[in-house]
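One-letter residues, chain by chain:
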Amino acid sequence: MAKLNDIQLLRINYLRGPNIWTYRPVLEVWLDLGELEDYPSHTIPGFTARLTQWLPALIEHHCGVGERGGFLQRLEEGTWCGHVLEHIVIELLNLAGMPTGFGQTRSTSQRGVYRMVFRARDEQVARVALAQGHALIMAAINDEPFDVKAAVARVRTEVDDQYLGPSTACIVTAATDRGIPHIRLNDGNLVQLGLRRQPAPHLDGRDRIHQRHRRRHRQRQGPDQEPAQVVRCAHPRRPGGQQPRRSLGSRAGHRPARGGQALRRQPRPRRDAGPAQEGRHRGGLPRGLPRGQRRDGRALHPR
């Protein structure tokens, strides 16, 4: 069989927040199969055998069948290479230590062009996995050798470089289990929990927590590991821009402990005004005198 042309990756978008596919971050890829549109999986000689030999864990993929071995059944019956690439990328991520189970591939109005998405906790890791999966599927189609262990090691290296530290990862995992969205703010361990449309001006949208324990984290963790840094968004504003009332000396939304006796600013005690301080005010000039005249009657600025 003649060598087939590569699958073209037309566009790659990393969707960080809730989207049309899911409420979790995904990598969306627009694929152009080209002439592979006329070659489903069951028409390529030895394609299924090579894939199952390189990636034996594909038997665990249920796919749309809903049972173990469902994806292999789709391969034998015939499915298009965009769908196959989706499962290859997901399996590479699983082997690299970043479990992923969500993926979809849908056709478009243009023949041979598909939209493929898969769960992506980190953009750079997902892009590396996509590149390795693309190379693997083309090697399987054209019956060329491919080093699967090197591809998995490349993805695992990117996971180790980009993934969160153990303490921050535990916080993010707990937030994900509770349905709290999170956004990674830098290449380190700075993560934002929750989403807001307008940040509070006095907090600039972020209220850092765990700052008191940074020194403790540095003592517990290794010398080369960053301490966990998690920020949470401030409370959302009320409709119409109204803010919850805050009693002076008490928490917002709670009455003071002693009824309505909130702490009041007491006036500063004043000393007895002597004759030299009589009639003086904050500016230091005597009151009740014409402009430009001193108390003794002489001009302030004689000519």
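Just so you know, these numbers come straight off a predicted model, no measurement behind them.

Attention now goes to the overall build of the protein chain. Within the protein chain, the regular secondary structure consists of seven helices and eight strands. Every one of the 303 residues in the protein chain was classed for burial, and the buried ones make up 35%. For the protein chain, the share of sequence-separated contacts (at least 6 apart) that also reach a separation of at least 24 residues comes to 59%. For the protein chain, the exposed area adds up to about 20100 Å²; of that, 48% sits on carbon and sulfur atoms.

Here helix α2 (residues 70-77) has its buried residues at G70, F71, L72 and L75. Downstream of α2 by a residue or two, G78 has a phi angle that is positive, lying close to 115°.

Taking 1.5 Å of rise per residue, 15 residues should cover 21 Å, and helix α3 (residues 81-95) covers 21 Å from first to last C-alpha, within 8% of that figure. Within α3, 13 of the 15 residues are buried, which leaves it mostly tucked inside the rest of the structure. Just past α3, the residue G97 takes up positive phi, approximately 95°.

The next thing to look at is the sheet that holds strand β3 (residues 103-107). One open sheet holds the four strands; their spatial order is β1-β2-β4-β3, and the pairing between them is antiparallel. Of all the strands in the sheet, just β1 (8-15) and β3 have a single pairing partner and so form its edges. On average, adjacent strands in this sheet sit at an angle of 15° to one another, irrespective of strand direction. The sheet contact formed by β1 and strand β2 (residues 26-32) spans seven bridges and is antiparallel. Bridging from a neighbouring strand, L15 pairs with V26 of β2. Running at roughly 20° to strand β4 (residues 113-119), α3 makes contact with β2, β3 and β4 of the sheet. Contacts from helix α4 (residues 123-141) reach β1, β2 and β4, with the element oriented near 160° to β1.

The residue T100 is located in the loop between α3 and β3 in this model. We classify T100 as buried; its relative accessible area is 7%. Not counting residues within four places of it along the chain, the set of residues in contact with T100 comprises I90, L93, N94, R119 and R121.

The next thing to look at is the layout of surface pockets. A volume near 620 Å³ is recorded for the largest pocket. Lining the largest pocket are 25 residues, with Y14, R121, D122, H182 and R184 positioned closest to its centre. Put simply, the parts of the chain that give the lining of the largest pocket at least two residues each are α4, α6 (166-177) and β5 (182-184). Sort the elements by how many residues they give to the lining of the largest pocket and α6 lands first, with five residues.

On to the nonpolar core, then. Among the nonpolar cores identified, the biggest contains 46 residues, and F47, L51, F118, I137 and I141 are the most heavily contacted of them. Those elements that place two or more of their residues in this core are β2, α1 (47-54), α2, α3, β4, α4 and α5 (148-162). With six residues, the next largest nonpolar core counts V172, A175, V191 and L193 among its residues.

This brings us to the environment of G133. Relative to the assigned elements, G133 resides in helix α4. Relative accessible area serves as the criterion here: at 0%, G133 is assigned to the buried category. Discounting chain neighbours no more than four positions away, the residues touching G133 are L85, I88, V89 and L92.

Following the criterion strictly, the structure yields one aromatic pair and no others. Measuring from ring centre to ring centre gives 6.1 Å for W54 and F146, while their planes differ by 40°; the resulting arrangement is tilted. Taken together, the residues W54 in helix α1 and F146 in the loop between α4 and α5 connect sequence positions 92 residues apart. Over the ring of W30 we find R11, and its NZ or CZ is 4.6 Å from the ring centre.

This part covers the confidence of the model for the protein chain. Looking at the protein chain as a whole, the pLDDT averages 76, with 64% of positions reaching at least 70. No element of the protein chain has a lower mean pLDDT than strand β7 (residues 207-209), which averages 45, and none a higher one than β4, which averages 95. pLDDT under 50 marks residues 200-215. Its contacts with residues more than four places away, or in other chains, come to 25 contacts. Counted against residues more than four places away or in other chains, residues 234-241, with its pLDDT under 50, gives 13 contacts.

Rules and cut-offs
Residues numbered from 1 in each chain as written. Predicted model: local features only at pLDDT ≥ 70, side-chain atom pairs only at ≥ 80, totals over all residues. Heavy atoms only, no water. Helix = DSSP H or I, 4+ residues; strand = E, 2+ residues; numbered from the N terminus. Buried < 20%, exposed > 50% of the residue type's maximum accessible area, 1.4 Å probe, protein only. Contact = heavy atoms within 4.5 Å. Areas by Shrake-Rupley, 256 points an atom, 1.4 Å probe, with all protein chains shown as cover. Expected span 1.5 Å × (residues − 1). Pairing = 2+ DSSP bridges. Axes fitted to C-alpha atoms, helices over the stretch in contact; angles between N-to-C directions. 1 Å grid on protein atoms, 1.4 Å probe; cavity = no way out; pocket = protein on both sides within 12 Å on 5 of 7 lines; lining within 4 Å. Points joined across faces, edges and corners; volume = space filled by probe spheres on them. Core = buried A, V, L, I, M, F, W, Y, C linked by side-chain atoms within 4.5 Å. Phe/Tyr/Trp six-rings, centres within 6.5 Å; stacked < 30°, edge-to-face > 60°. Lys NZ or Arg CZ within 6 Å of the ring centre and 35° of its normal. pLDDT = per-residue confidence, 0-100.

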